[in-house]
Amino acid sequence: MVFRPSLPYARPIGQYRAMKQAPLLPDRHKQQDIFICNVLDSIPKDDMGSMEHPMFSLSTKPDHRVRHYEHNDNTVTIKPGSDGLATIMDKDILIFCTSQLVAALNEGREVSRTVRLTAHNLLVFTNRLTNGRSYERLKAAFDRLATTYITTSLETGGKRIDRGFGIIDSWEIVRETASGRMEAVEVTLSEWLYNSILGREVLTISRDYFRLRQPIERRLYEFARKHCGNQKQWIVGLKTLHKKTGTSGTLREFRRKVKDIAETNHLPDYRLSLDGADNAVFIKRAEDKPKIQTRRGPRLRTDTYLKAKKAAPGLDVYYLEQEWLDWWHESGEPDLRTPDGAFINFCKKRYARQFQS
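Residues numbered from 1 in each chain as written. Predicted model: local features only at pLDDT ≥ 70, side-chain atom pairs only at ≥ 80, totals over all residues. Heavy atoms only, no water.

1. Side note on empty space enclosed by the protein
One number sums up the size of the second largest cavity: a volume of about 60 Å³. Here the residues of the lining of the second largest cavity are counted per class, giving eight nonpolar, two polar and one charged. (1 Å grid on protein atoms, 1.4 Å probe; cavity = no way out; pocket = protein on both sides within 12 Å on 5 of 7 lines; lining within 4 Å. Points joined across faces, edges and corners; volume = space filled by probe spheres on them. Nonpolar A, V, L, I, M, F, W, Y, C, P; charged D, E, K, R; others polar.)

Listed below in structure tokens is the structure:
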């Protein structure tokens, strides 16, 4: 079967030392413009195996190195295809597929290794531009994912897999626009990744992950998320971190980059610093915990939310409720004869507008 998914702080810190740019990319697509499964399952999910092991190149140029990694009796060998190794930016495709599959599992829906996705939704979800060049880059990313070959003894989903496989098995454009731009794509994930998803060996990551400009920043965030998690802090030696990132640069160059990132202090969820013993220190940002704000407004019945989900399938009804309350306050808090009916009508109109845009 083919699974068809539904889509879903930094403070001003001056110029970025090397790039003369703000360290984070702009948030190109606000949440209200994204199809999401529901309020809990709309956030990105990353598989723990690739977060731990350096399977993706951090180079911005074609990387044709064969890489071998050993740690705690686990071995990983990554061989590039003719276009080079899959990059950590290519991994956005896997994060999108993983996120949608986990959301479907949480809703009790059937899933399979073959995922049909809409290219536009993928670009929006991963905070990319939706121009022609972005679609061409997606094609190249699919090719690198399919031709990068991994031999591993890692365990996923309670199964030890000791064999070789592509990061994805295959991909196919199933629908194109009149101009030849791909619109719908089918991706068949590797059994290794699919077993990880079924085994819930995934972690929630910040949506601001997709705003990180440099590959090394994304890799450092992955380590912080996996090893620090919700702990107060995590300390790791730079030599160990250098090895685990899979960077091709020297330790000295790696130390300089980490220092630059620590100075701008823009990683999502975590602060990064260096201590006097050549360690990297990741500290969980307490202020990043979501703050729930209660607003006065019409109270809705419990069954109204179920009716709203039917009126606006695929949209987050709790987010729509906040939009509806904003409208109510801005309109002078008018008396509503039937607040539940008014909210459901609001959801219908919002759903129609979403699909007409």
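Next, the rest of the story.
2. A few points about the packing of helix 6 (residues 215-228) against helix 8 (residues 251-264)
Contact geometry for helix 6 and helix 8: axes closest at 11 Å, N-to-C directions at 80°. Classified by the interaxial angle, the pair formed by helix 6 and helix 8 is roughly perpendicular. In this structure, helix 6 uses Ile216, Glu217 and Leu220 to contact helix 8, whose residues at the interface are Phe254, Val258 and Ile261. The class makeup of the residues in the contact of helix 6 with helix 8 is five nonpolar, no polar and one charged. (Axes fitted to C-alpha atoms, helices over the stretch in contact; angles between N-to-C directions. Helix = DSSP H or I, 4+ residues; strand = E, 2+ residues; numbered from the N terminus. Parallel < 35°, antiparallel > 145°, perpendicular 65-115°, else oblique. Contact = heavy atoms within 4.5 Å.)

3. Some words on the layout of surface pockets
One number sums up the size of the second largest pocket: a volume of about 800 Å³. Taken together, 34 residues form the lining of the second largest pocket, with Thr87, Met89, Arg128, Arg137 and Arg213 sitting closest to its centre. Taken together, the elements giving at least two residues each to the lining of the second largest pocket come down to helix 4 (132-147) and helix 6. Here the lining of the second largest pocket takes six residues from helix 4, the largest share from any one element. Within the lining of the second largest pocket, the residues separate by chemical class into 13 nonpolar, nine polar and 12 charged.

4. Quick notes on the pattern of salt bridges
One pass over the structure, following the stated rule, counts 19 salt bridges. For Arg211, the salt bridge identified is with Asp208, shortest N-O distance 3.3 Å. When its relative accessible area of 17% is taken as the criterion, Arg211 is described as buried. Exposure remark for Asp208: the relative accessible area of 17% places this residue in the buried category. What you see here is one network of salt bridges that share partners, running through Asp46, Lys91, Arg219 and Glu222. (Salt bridge = Lys/Arg side-chain N within 4 Å of Asp/Glu carboxyl O. Buried < 20%, exposed > 50% of the residue type's maximum accessible area, 1.4 Å probe, protein only.)

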